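Chain by chain, the residues run as shown.
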Amino acid sequence: MVTATSTRAAGRLNGKAESDPAIHMEGLSKQYGRGKIPALDSLDLRVNQGEIFGYLGPNGAGKTTTIRLLLDIIHPSGGRASVLGMDSHSESIALHRRIGFLPGDLNLWEGMSGRQVVNYIGRIRGGVNTAYVDELTTRLALDLSKTVRSYSTGNRRKLGLVLALMNKPELLILDEPTNGLDPLVQQTFHQLMIETRNEGRTVFLSSHVLSEVQAICERVAILRDGKLQAVERVSDLMRVRFQWITMHFREAIDPGKLAGVPGVSEVSDVDGALHFKLTGDFDPVLRAVSDRYVTSLHAQEPSLEEIFLTFYGEKSTAHPAESLKEVVS
């Protein structure tokens, strides 16, 4: 949650009024190719200062395109965007000094050590806060003495986080920041983001994994096929939470056994097991099959795509294994 203290701190950054957004997009659009294929369609979005804002959508939704437009890596086909009160295109050079960025695909100098990369980027930005870099590498368990070439995918991601965070920028723009990180490091990342917010700085976090933003974001935007579908509080989005359940029995069982059970829907027979969608408590299900011997039970959380479909009243038509691989935790 964004506290009153952090919001006031955000309002003081650079003398900005509290109402000034960290990011403001108006009719922002991007089309590609001769056929003018829309990658982003008239996006209107406002991100407040001092908040961790989640930008959600499946792969190909337009999240990375949005980030590239904000950073002036590509130019819009229509509309405009302002970042920290400055035009993202005409004032992009000055803006880059105030933004920490982690791209989805991080390309670094293979022959350089992590420390050399940090020092090189630091010189470009006007200096390195050595003490904070040391703190970050300790918390992320990253050895800067090794070469980039020798880093695992996870360690490359850690180095990218250090580069984005090390100057304590006013705005962090992070594209799929925890890809390749183990669960313990993900928890450290969450804590770093909360600390950033508490200092009055802003985080714009792109993801296609709802669990990545569920623990730290108050608001999220949902993007699909280049169009903004909604901006919601995380608490409202999660009200539709459900699970996919697969139950195996010693003997064959009629799917009709679960007919009318509260919270149960979309029941099917999958290789002799009952597969169904459960919203709510499990006890009514157990009572309904209490006369049968259950050999195994598997519960799978829904994917972001399925939560999205449920949130907007559309019936899910795919088994979770056929949808996005990432699941809510």
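Please read these numbers as outputs of a predicted model, since none were measured by experiment.

Novice: Sorry if this is basic, but what is going on with the overall build of the protein chain here?
Specialist: What the protein chain contains, in helices and strands, is eleven helices and 14 strands. Buried positions account for 47% of the 329 residues belonging to the protein chain. Sequence-distant contacts, at least 24 apart, represent 68% of the contacts inside the protein chain between residues at least 6 apart. With an accessible surface of roughly 15,600 Å², the protein chain has 48% of that area assigned to carbon and sulfur atoms.

Novice: Got a minute to help me understand the sheet that holds strand S1 (residues 21-32) in this structure?
Specialist: Within a sheet, each strand pairs with its neighbour through backbone hydrogen bonds, oriented either parallel or antiparallel. Strand order in this open sheet of four strands is S2-S1-S4-S5, and the pairing throughout is antiparallel. A single partner strand is all that each edge strand has here, and the edge strands are strand S2 (37-48) and strand S5 (86-87). In the packing of helix H2 (residues 63-70) onto the sheet, contacts are made with S1, S2 and strand S4 (78-83), and the angle to S1 comes to roughly 115°.

Novice: Just checking my understanding: could you explain the packing of aromatic side chains for this structure?
Specialist: To describe a pair of aromatic rings, you give the distance between the ring centres and the angle between the ring planes. The tally for this structure, following the rule as stated, stands at four aromatic pairs. Seen in terms of ring centroids, Phe53 and Phe204 are 6.1 Å apart; in terms of plane orientation they differ by 5°. Their pairing is stacked. A residue pair is termed long-range when its members are at least 10 positions apart, and Phe53 in strand S3 (residues 52-56) and Phe204 in strand S8 (residues 202-207) qualify at 151 residues. Summarising the burial analysis for this pair, Phe53 and Phe204 share the class buried. Arranged with centres 5.2 Å apart and planes meeting at 80°, the rings of Trp109 and Tyr120 form a pair that is edge-to-face. Here Trp109, found in the loop between strand S6 (99-102) and helix H4 (114-125), pairs with Tyr120, found in helix H4; they are eleven residues apart in sequence, far enough to count as distant. Using a relative accessible area of 38% as the deciding quantity, one classes Trp109 as partly exposed.

Novice: How do you make sense of a nonpolar patch on the surface when you look at a structure like this?
Specialist: A cluster of nonpolar side chains, namely Trp109, Tyr120 and Ile124, defines an oily patch on the protein surface of about 310 Å² accessible area. Looking at where Ile124 falls in the secondary structure, it is placed in helix H4.

Novice: How should the environment of Arg201 be read in this particular structure?
Specialist: Within the secondary structure, Arg201 is located in the loop between helix H7 (183-198) and S8. Assessed through its relative accessible area of 6%, Arg201 is described here as buried. Distance from Arg201 to Ile52, taken between C-alpha atoms, is 8.8 Å for residues 149 residues apart in sequence.

Novice: What should I look at first to understand the nonpolar core in this one?
Specialist: For soluble globular proteins, nonpolar side chains are generally found buried alongside one another. In terms of nonpolar packing, the biggest core is built from 40 residues, with Val118, Leu159, Leu163, Leu174 and Met193 touching the most fellow members. Here this core gets six residues from one element, more than from any other, and that element is helix H6 (residues 153-165). Apart from the residues lying within four places of it in its own chain, the contact partners of Val118 are Val128, Val133, Leu144, Leu159, Val162, Leu163 and Met166. In terms of nonpolar packing, the next biggest core, distinct from the first, is built from 27 residues, Leu40, Leu45, Leu84 and Ile173 among them.

Novice: Got a minute to help me understand the side chain of Glu51 in this structure?
Specialist: The residue Glu51 is located in the loop between S2 and S3 in this model. Of note is the side chain of Glu51, whose polar atom sits 2.7 Å from the side chain of Arg219.

Novice: Just to check I follow, could you spell out the pattern of salt bridges for this structure?
Specialist: For the coordinates displayed, the defined rule picks out 17 salt bridges. One salt bridge in this structure joins Glu199 and Arg201, with 2.6 Å as the shortest N-O distance. Classification of Glu199 by relative accessible area gives partly exposed; the value is 37%. Salt-bridge contacts for Asp291 lead to Lys257; the nearest nitrogen and oxygen are separated by 3.0 Å. Taken together, the positions of Asp291 in the loop between helix H10 (283-288) and strand S14 (294-300) and Lys257 in the loop between strand S11 (243-249) and strand S12 (264-270) put the pair 34 residues apart, joining distant regions of the chain. The class for Asp291 is exposed, based on a relative accessible area of 52%. Judged by its relative accessible area of 28%, Lys257 is partly exposed. By sharing partners, the salt bridges in this structure join Glu26, Arg80 and Asp87 into a single network.

Novice: Quick question: what am I supposed to make of the sheet that holds strand S9 (residues 219-224) here?
Specialist: Taken in spatial order, the six strands of this open sheet run S6-S7-S8-S3-S9-S10, and their pairing is mixed. The open sheet has two free edges, formed respectively by S6 and strand S10 (227-233), since each of these has just one partner strand. Along the sheet, successive strands turn relative to each other by an average axial angle of 15°, direction set aside. Of the strands in this sheet, S6 and strand S7 (171-175) touch H6, which is tilted by about 170° from S6. Along the sheet, H7 contacts S3, S7 and S8; its crossing angle with S7, the most-contacted strand, is approximately 150°.

How each quantity is defined
- Residues numbered from 1 in each chain as written.
- Predicted model: local features only at pLDDT ≥ 70, side-chain atom pairs only at ≥ 80, totals over all residues.
- Heavy atoms only, no water.
- Helix = DSSP H or I, 4+ residues; strand = E, 2+ residues; numbered from the N terminus.
- Buried < 20%, exposed > 50% of the residue type's maximum accessible area, 1.4 Å probe, protein only.
- Contact = heavy atoms within 4.5 Å.
- Areas by Shrake-Rupley, 256 points an atom, 1.4 Å probe, with all protein chains shown as cover.
- Pairing = 2+ DSSP bridges.
- Axes fitted to C-alpha atoms, helices over the stretch in contact; angles between N-to-C directions.
- Phe/Tyr/Trp six-rings, centres within 6.5 Å; stacked < 30°, edge-to-face > 60°.
- Patch = residues over 30% accessible without salt bridge, like charges linked within 9 Å, V, L, I, M, F, W, Y side chains within 5 Å.
- Salt bridge = Lys/Arg side-chain N within 4 Å of Asp/Glu carboxyl O.
- Core = buried A, V, L, I, M, F, W, Y, C linked by side-chain atoms within 4.5 Å.
- Polar contact = N/O pair within 3.5 Å; in protein donor to acceptor, adjacent residues only side chain to side chain.

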